[in-house]
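A closer look at the structure
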Amino acid sequence: MVNVVVHGHEPTLSQMIVVASMDPEIIQYAQAAGAKGVNLSGICCTANEVLMRRAFLRRAISSTRSFPF
């Protein structure tokens, strides 16, 4: 897995990282390098923002991939 940890007080950047992590081209790029996919996690308030805004959507979109949130 490619592990990406978001941190800081810039929720827009975190949201864009979430969107990018679901992009098929990014996933293929990670898989081409030998990873199984992209694993996101967050620290502090950023993790809470992403969790509150995206957790349900991500689970609904992709039931075959596992996410820490």
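Cut-offs and rules
- Residues numbered from 1 in each chain as written.
- Predicted model: local features only at pLDDT ≥ 70, side-chain atom pairs only at ≥ 80, totals over all residues.
- Heavy atoms only, no water.
- Polar contact = N/O pair within 3.5 Å; in protein donor to acceptor, adjacent residues only side chain to side chain.
- Helix = DSSP H or I, 4+ residues; strand = E, 2+ residues; numbered from the N terminus.
- pLDDT = per-residue confidence, 0-100.
- Contact = heavy atoms within 4.5 Å.
- Buried < 20%, exposed > 50% of the residue type's maximum accessible area, 1.4 Å probe, protein only.

Some points on helix 2 (residues 24–32)
- Two to three positions downstream of the cap, the backbone nitrogen of Glu25 sits 2.8 Å from a side-chain oxygen, assigning the N-cap of helix 2 to Asp23.
- Downstream of helix 2 by one or two residues, Gly34 has phi in the positive range, about 100 degrees.

Some words on the confidence of the model for the chain
- For the chain, the average pLDDT comes to 77, and 75% of its residues sit at 70 or higher.
- Across the chain, the element-wise mean pLDDT spans from 65 in helix 3 (residues 44–61) up to 94 in helix 2.
- The low-confidence segment residues 60–64 (pLDDT under 50) makes 2 contacts with residues lying over four places distant or belonging to another chain.

Points about the environment of Ile27
- On the secondary structure map, Ile27 appears in helix 2.
- Overall, the relative accessible area of 13% leaves Ile27 in the buried class.
- Between the C-alpha atom of Ile27 and that of Gly37, which follows or precedes it by 10 residues, the distance is 5.6 Å.

A short note on the environment of Val4
- Mapped onto the elements of the fold, Val4 is located in strand 1 (residues 2–6).
- Judged by its relative accessible area of 25%, Val4 falls in the partly exposed class.
- Along the backbone, Val4 and Asn39 are 35 residues apart, and their C-alpha atoms lie at a distance of 6.2 Å.
- The residues contacting Val4, other than those within four sequence positions of it, are Ile17, Val38, Asn39, Leu40 and Ser41.

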